[in-house]
Amino acid sequence: MYHQVDLPAARGTQYRSLTVHPKSFARQMRWMHRLGFKGLSMRELAPYLSGEREGKVFGITFDDGFRNVYQHALPVLSEAGFTATNYFVAHQLDGSNVWDADKNMPQTPLMSLAEMRRWAAAGQEVGSHTLNHVHLPSLTDEQARAEIARSRQELGSHVQQEITAFCYPFGEYSAQHCQMAKEAGYLNATTTERGLARTDDDIFELPRVGIWRSTNLLKFFQKCLTQYEDRKRG
Ligand SMILES: [Zn+2]
């Protein structure tokens, strides 16, 4: 689970840890490639998650659709022959992370429609992160359903691919939101629960391994290749 890939913001900036240095990201991808692993989008990872296929693979996801991911991560992914899923906020294309404004987090540009289309045309996956990056549990069922279902339709109308990957904003959801995602036509959903995904995980409640600015290469391998983060799971 990545968010942003860019040069670090000024010291003391809120949520500075969410931004991974472009050189760190490139190093992480090149090492995984060198070790024989293939990075995959949620769409391509699905048969491995269901146990249908086996192989040296790992999923790559980006939350929120930041422009700096288009600038700094896409060339690295293309070079390695990896695919990734970026979860876009349907009503914030060419916008910014307005949902973080109240936390004093700097506003950072999100991909435009044209950039999202180029992301998709490059073989990368467009996933949904709702229409407005909402707190799903604080909405009525009707509002939540609209955020989940309409974002899938709108994003799908912009790109030449069916939208099948969903990600709960802020990692907040309940069982009924999993059900809504299923009914809307998604095939998988990710959370902010920490850990490596396993074949016995619920495909609508997949955990992820968080990669932060401070995640050095050793930590990266510990997190991605060992049960290091699973100690936090029950
Ligand atoms: Zn988000």
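Residues numbered from 1 in each chain as written. Predicted model: local features only at pLDDT ≥ 70, side-chain atom pairs only at ≥ 80, totals over all residues. Heavy atoms only, no water.

Novice: Can you break down the overall build of the protein residue by residue, with the values?
Specialist: For the protein, the helix and strand inventory stands at eight helices and 10 strands. Dimensions of the protein, computed from the C-alpha atoms along their principal axes, are close to 45 × 45 × 35 Å. Look at the contacts in the protein between residues 6 or more apart in sequence, and 62% of them connect residues 24 or more apart. Summed over its atoms, the accessible surface of the protein is roughly 10900 Å², and 49% of this surface lies on carbon and sulfur atoms. Between the mean site of the 27 positive side-chain charges and the mean site of the 26 negative ones, the protein shows a separation of 10 Å. (Helix = DSSP H or I, 4+ residues; strand = E, 2+ residues; numbered from the N terminus. Contact = heavy atoms within 4.5 Å. Areas by Shrake-Rupley, 256 points an atom, 1.4 Å probe, with all protein chains shown as cover. Lys, Arg positive; Asp, Glu negative; His and termini not counted. Charge placed at Lys NZ, Arg CZ, Asp CG, Glu CD.)

Novice: Hey, could you go over the layout of surface pockets for me, with residue numbers and the actual values?
Specialist: Size it by volume and the largest pocket reaches roughly 750 Å³. Of all the elements in the fold, those that place two or more residues in the lining of the largest pocket are helix 1 (22-34), helix 2 (42-49), strand 4 (57-59), strand 10 (206-208) and helix 8 (217-225). Ranked by residue count, the leading element in the lining of the largest pocket is helix 2, at four residues. Contributing to the lining of the second largest pocket are 18 residues, with H3, L18, D64, D100 and F170 lying nearest its centre. Looking at side-chain class alone, the lining of the second largest pocket contains eight nonpolar, six polar and four charged residues. (1 Å grid on protein atoms, 1.4 Å probe; cavity = no way out; pocket = protein on both sides within 12 Å on 5 of 7 lines; lining within 4 Å. Points joined across faces, edges and corners; volume = space filled by probe spheres on them. Nonpolar A, V, L, I, M, F, W, Y, C, P; charged D, E, K, R; others polar.)

Novice: Account for the nonpolar core, naming residues and giving values.
Specialist: Counting 52 residues, the largest nonpolar core has F25, F62 and W119 as the members making the most contacts within it. Counting residues per element, the ones that place at least two in this core are helix 1, helix 3 (67-72), helix 4 (74-80), helix 5 (113-121), helix 6 (141-158), helix 7 (175-184) and helix 8. Beyond its immediate sequence surroundings of up to four residues, F25 is in contact with Y2, V5, V20, F62, A73, V76 and L77. Listed in part, the nine residues of the second largest apolar core include L40, M42, L49 and A165. (Core = buried A, V, L, I, M, F, W, Y, C linked by side-chain atoms within 4.5 Å. Buried < 20%, exposed > 50% of the residue type's maximum accessible area, 1.4 Å probe, protein only.)

Novice: How would you sum up unusual backbone geometry? Please name residues and give values.
Specialist: Unusually for a residue other than glycine, D94 sits at a positive phi of about 65°. With respect to the element layout, D94 can be found in the loop between strand 6 (85-88) and helix 5. Relative accessible area serves as the criterion here: at 52%, D94 is assigned to the exposed category. Despite not being glycine, F170 shows a phi value in the positive range, around 60°. Overall, F170 belongs to the partly exposed group, its relative accessible area being 26%.

Novice: Quick rundown of the environment of Y168? Include the residues and the values.
Specialist: With respect to the element layout, Y168 can be found in the loop between strand 8 (165-167) and helix 7. Remark: the alpha-carbon pair of Y168 and C178, spanning 10 residues in sequence, is separated by 9.1 Å. The residues touching Y168, leaving out its near neighbours within four places in the chain, are H129, L136, Y173, H177, C178, A189, T190, T191 and F204.

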